[in-house]
Amino acid sequence: MGDWKGLQAVKDVSKLSYQMWQKGWDEANGGNISYLLTDDEARSLKYVPGTGRKLTLVEGIPDAIRGKYILVTATGSYFREIKDDVEHLLGVIYLPEQGNDYEIVAGLVDNRPTSELGSHITTHAVRLAVDPDQRVVMHNHATHVLAMTHTGPTNERDFTVALWRMITEGVVVFPDGVGLIPWCVAGTPQIAKETNERMKTRRCVVWQYHGVFTAGDSMHDAFGLLETVDKCAEVWLLSQSAGGKNPGISDQGLIDTAKWYGTTLHEGYIS
Ligand code: 13P
Ligand code: ZN
């Protein structure tokens with residue numbers, strides 16, 4: 001077995017999971033991260049398919065992601081502890097060419113991948129179809145976004161536009177907007193399906209009263225997206241609780257900003 005713990009992605013997950021915990025986004029075992037290994041990284045592991053412990057993915061393995069290797073956090077992993085125990089709290093899985101039994105390649109000792117693995121795997125597949133550089137999926141319980149699901153708009157168009165109006169950076173970083181899924185039980189095929197539908201046209205999906213899912217080309221990309229969405233939600237909550245006198249960035253302002261920065265706003269959200 002190659003040196004999986006030496007992968008840059010293992011260092012990044014260790015560092016970022018700790019930073020997310022410091023932000024208060026990952027209480028107890030809240031949150032999970034997955035990273036699609038590059039072909040070179042996968043080869044360096046020297047894994048022989050068929051030799052690892054097998055587990056079943058009830059959602060099924062999408063064709064787009066068969067034959068790939070994914071670094072993933074363990075179910076029950078405390079984000080503040082991952083950096084000190086990658087052997088148990090992190091690991092690499094292999095998604096076979098056939099069947100729905102994936103294999104544990106490295107790590108995840110006495111453990112198994114996150115309970116949200118179905119949402120992660122299918123999100124990777126959906127995003128790969130629109131972005132060949134797609135590599136990371138992150139889920140956590142970002143506090144301000146969560147609070148906003150209790151008191152903000154309950155449809156995804158209005159929720160997105162409310163965020164965009166808060167700070168100029170919004171339409172620059174997430175011009176595709178955010179999806180919003182009404183509360184449902186976590187870890188189920190249903191939440192995975194609802195997430196995938198929205199990920200076809202966005203990189204960020206909010207789960208009402210639960211948390212946020214983001215996708216990106218790198219760890220820093222997905223984390224930066226999460227930070228920006230949460231910052232917009234924080235400013236929304238602060239301004240609402242302070243009386244919310246001003247309307248925020250106008251429709252024309254959002255259009256002009258998107259144009260200047262060369263981004264395209266989610267279709268139909270601003271006319
Ligand atoms: P896991 O510990 O299984 O990753 O679950 C954490 C979580 O946030 C569930 O939504
Ligand atoms: Zn969660």
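All values derive from a computational prediction rather than experimental measurement.

Peer 1: How would you sum up the coordination of the zinc ion (ligand 2)? Please name residues and give values.
Peer 2: Distances from the zinc ion (ligand 2) to its protein donors, His-139 (NE2), His-141 (NE2) and His-210 (NE2), fall within 2.1 Å. Using a relative accessible area of 1% as the deciding quantity, one classes His-139 as buried.

Peer 1: Lay out the site of ligand 1 in plain terms, naming residues and giving numbers.
Peer 2: The full set of residues close to ligand 1 is Asn-29, Gly-30, Gly-31, Asn-32, Thr-75, Gly-76, Thr-114, Ser-115, Glu-116, His-139, His-141 and His-210. Within the backbone of Gly-31, one N or O atom sits 2.9 Å away from an oxygen atom of ligand 1. The side chain of His-141 places a nitrogen or oxygen atom 3.0 Å from an oxygen atom of ligand 1. In isolation ligand 1 has 310 Å² of accessible area, and contact with the protein removes 92% of it. Here the residues of the shell around ligand 1 are counted per class, giving no nonpolar, 11 polar and 1 charged.

Peer 1: Which residues make up a nonpolar patch on the surface, and what are the values?
Peer 2: A surface patch of nonpolar side chains, about 340 Å² in accessible area, is lined by Trp-183, Val-185 and Tyr-209. Take Tyr-209: it is sitting in the loop between β8 (204-207) and β9 (211-216). Tyr-209 sits in the partly exposed class, given a relative accessible area of 41%.

Peer 1: Outline the sheet that holds strand β7 (residues 179-181), listing residues and values.
Peer 2: Reading across the sheet, the 9 strands line up as β2-β5-β4-β3-β1-β6-β9-β8-β7 and stay open at both edges, with mixed pairing between neighbours. Both outer strands of the open sheet, β2 (53-56) and β7, are each paired with one neighbouring strand and no more. In this sheet, neighbouring strand axes are inclined to one another by 25 degrees on average, regardless of whether the strands run parallel or antiparallel. Sheet topology note: the strand β1 (residues 32-36)/strand β6 (residues 136-140) ladder contains 4 bridges and is antiparallel. Within β6, the position partnered with Tyr-35 by the bridge is Val-136. Across the sheet, helix α9 (residues 219-241) touches β1, β6, β8 and β9, and the angle it forms with β9 is around 140 degrees.

Peer 1: Describe the side chain of Glu-103, with residues and values.
Peer 2: Counting through the fold element by element, Glu-103 comes out in strand β5 (residues 101-107). Buried within the structure, Glu-103 lacks any salt-bridge partner; Lys-54 is the closest side chain of opposite charge, at an N-O distance of 4.6 Å. Within the local environment of Glu-103, its side chain forms a polar contact with the backbone nitrogen of Gly-50, the two atoms lying 2.7 Å apart. With near-sequence residues (within four places) excluded, Glu-103 lies in contact with Tyr-47, Pro-49, Gly-50, Thr-51, Gly-52, Arg-53, Lys-54, Val-92, Ile-93, Tyr-94 and Pro-96.

Peer 1: Which residues make up the packing of aromatic side chains, and what are the values?
Peer 2: Per the counting criterion, the structure on display carries 7 aromatic pairs. Measuring from centroid to centroid gives 6.1 Å for Trp-25 and Phe-223, while their planes differ by 65 degrees, and the two rings are edge-to-face. Taken as a pair, Trp-25 in the loop between α1 (8-22) and β1 and Phe-223 in helix α9 lie far apart in primary sequence, 198 residues in all. Comparing Trp-25 with Phe-223 shows no difference in burial state: the two are buried. Members of the aromatic cluster, joined through ring pairs, are Tyr-47, Tyr-69 and Tyr-94. Above the face of the Tyr-18 ring, Lys-83 is positioned so that its terminal group lies 4.7 Å from the ring centre.

Peer 1: An account of the nonpolar core is needed here, citing residue identities and associated values.
Peer 2: Judged by nonpolar contacts, the single largest core of 57 residues is most densely connected at Leu-71 and Met-138. Take this core: its biggest share by element is 10 residues, from α9. Apart from residues lying up to four places away in sequence, Leu-71 is in contact with Trp-4, Ala-9, Val-10, Val-13, Ile-33, Ser-34, Tyr-35, Leu-37, Leu-90, Gly-91 and Val-92. Membership of the second largest hydrophobic core comes to 16 residues, among which are Leu-36, Ile-93, Leu-95 and Leu-108.

Peer 1: Would you mind going over helix α6 (residues 156-166) in detail, with residue names and values included?
Peer 2: Within α6, 8 of the 11 residues are buried, which leaves it mostly tucked inside the rest of the structure. Sitting at the amino-terminal end of α6 is Asn-155, which places a side-chain oxygen 3.1 Å from the backbone nitrogen of Arg-157.

Peer 1: Could you give an account of the layout of surface pockets, with specific residues and numbers?
Peer 2: Roughly 230 Å³ of internal volume is contained in the largest pocket. Lining the largest pocket are 13 residues, with Met-166, Ser-239, Gly-244, Asn-246 and Gly-248 sitting closest to its centre. Secondary-structure elements contributing two or more residues to the lining of the largest pocket are α6 and α9. Looking at which element gives the most residues to the lining of the largest pocket, the answer is α9, with 4 residues.

Peer 1: Describe the environment of Gly-67, naming the residues involved and giving the relevant values.
Peer 2: Turning to its location among the elements, Gly-67 is positioned in the loop between β2 and β3 (69-73). Here Gly-67 falls in the partly exposed class, since its relative accessible area comes to 26%. Setting aside anything within four residues of it in sequence, one finds Gly-67 in contact with Tyr-94, Leu-95, Pro-96 and Glu-97.

The rules behind the values
- Residues numbered from 1 in each chain as written.
- Chains lettered and ligands numbered in written order.
- Predicted model: local features only at pLDDT ≥ 70, side-chain atom pairs only at ≥ 80, totals over all residues.
- Heavy atoms only, no water.
- Donors = N, O, S within 2.8 Å, 3.2 Å for Na, K, Ca; no water.
- Buried < 20%, exposed > 50% of the residue type's maximum accessible area, 1.4 Å probe, protein only.
- Near = heavy atom within 4 Å.
- Polar contact = N/O pair within 3.5 Å; in protein donor to acceptor, adjacent residues only side chain to side chain.
- Areas by Shrake-Rupley, 256 points an atom, 1.4 Å probe, with all protein chains shown as cover.
- Nonpolar A, V, L, I, M, F, W, Y, C, P; charged D, E, K, R; others polar.
- Patch = residues over 30% accessible without salt bridge, like charges linked within 9 Å, V, L, I, M, F, W, Y side chains within 5 Å.
- Salt bridge = Lys/Arg side-chain N within 4 Å of Asp/Glu carboxyl O.
- Helix = DSSP H or I, 4+ residues; strand = E, 2+ residues; numbered from the N terminus.
- Pairing = 2+ DSSP bridges.
- Axes fitted to C-alpha atoms, helices over the stretch in contact; angles between N-to-C directions.
- Contact = heavy atoms within 4.5 Å.
- Lys, Arg positive; Asp, Glu negative; His and termini not counted.
- Phe/Tyr/Trp six-rings, centres within 6.5 Å; stacked < 30°, edge-to-face > 60°.
- Lys NZ or Arg CZ within 6 Å of the ring centre and 35° of its normal.
- Core = buried A, V, L, I, M, F, W, Y, C linked by side-chain atoms within 4.5 Å.
- 1 Å grid on protein atoms, 1.4 Å probe; cavity = no way out; pocket = protein on both sides within 12 Å on 5 of 7 lines; lining within 4 Å.
- Points joined across faces, edges and corners; volume = space filled by probe spheres on them.

Any link to function would need more than the numbers given here.
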